[in-house]
Amino acid sequence: MNSSSIFLILLAGLLGLLLVVNLVLAITVILKMRGRGEAATMKYSWNRPFIRGWKHPDLRALMVGWTLALILVSVVFCVLMVAILTM
């Protein structure tokens, strides 16, 4: 196994870990919003709780984490695709 294969495996593992973190943060925000009586958030898409979650001051830390996780997922995915295409 050469170093490029190890790099791809590590990138794929990091992407998987970030996707799990993203999912956990999203579900946490959605469930906390449902606890406040916003039950309609589950009927629509993930955009509604993502946008409406910013108005709650106690959810802002979770929202920042969710945003950073989304950004990191995008960056790691792009790096992984570039690494795969240049092999």
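Refer to the preceding data block for the structure.
Residues numbered from 1 in each chain as written. Predicted model: local features only at pLDDT ≥ 70, side-chain atom pairs only at ≥ 80, totals over all residues. Heavy atoms only, no water.

A. The arrangement of the packing of helix H1 (residues 3-34) against helix H3 (residues 60-85) in detail. Following both chains from N to C, one finds H1 and H3 inclined at 155°, their axes separated by 9 Å at the closest point. Our classification of the angle between H1 and H3 gives roughly antiparallel. The chirality of how H1 crosses H3 is left-handed. Looking at side-chain class alone, the contact of H1 with H3 contains 25 nonpolar, three polar and one charged residues. (Axes fitted to C-alpha atoms, helices over the stretch in contact; angles between N-to-C directions. Helix = DSSP H or I, 4+ residues; strand = E, 2+ residues; numbered from the N terminus. Parallel < 35°, antiparallel > 145°, perpendicular 65-115°, else oblique. Left-handed = near helix turned anticlockwise from the far one by under 90°. Nonpolar A, V, L, I, M, F, W, Y, C, P; charged D, E, K, R; others polar.)

B. Here's a closer look at a nonpolar patch on the surface. Taken together, the side chains of Phe7, Trp54, Val64, Leu68, Ile71, Val75 and Val79 make up a nonpolar region of the molecular surface, amounting to roughly 590 Å² of accessible area. When residues in the nonpolar patch are grouped by element, the largest group, five residues, is from H3. Here Val79 lies in helix H3. (Patch = residues over 30% accessible without salt bridge, like charges linked within 9 Å, V, L, I, M, F, W, Y side chains within 5 Å. Areas by Shrake-Rupley, 256 points an atom, 1.4 Å probe, with all protein chains shown as cover. Salt bridge = Lys/Arg side-chain N within 4 Å of Asp/Glu carboxyl O.)

C. Representation of H1 in the model. With 32 residues, H1 ought to run about 46 Å at 1.5 Å a step, and its terminal C-alpha atoms sit 46 Å apart, in line with that. Those residues of H1 that sit buried are Leu8, Leu11, Leu15, Leu18, Asn22, Leu25, Ala26, Val29, Ile30 and Met33. (Expected span 1.5 Å × (residues − 1). Buried < 20%, exposed > 50% of the residue type's maximum accessible area, 1.4 Å probe, protein only.)

D. Geometry of the side chain of Asn22. With respect to the helices and strands, Asn22 occurs in helix H1. A distance of 2.7 Å separates the side chain of Asn22 from the side chain of Trp66, its partner in a polar contact. When sequence neighbours within four positions are dropped, the list of residues in contact with Asn22 reads Trp66, Ala69 and Leu70. (Polar contact = N/O pair within 3.5 Å; in protein donor to acceptor, adjacent residues only side chain to side chain. Contact = heavy atoms within 4.5 Å.)

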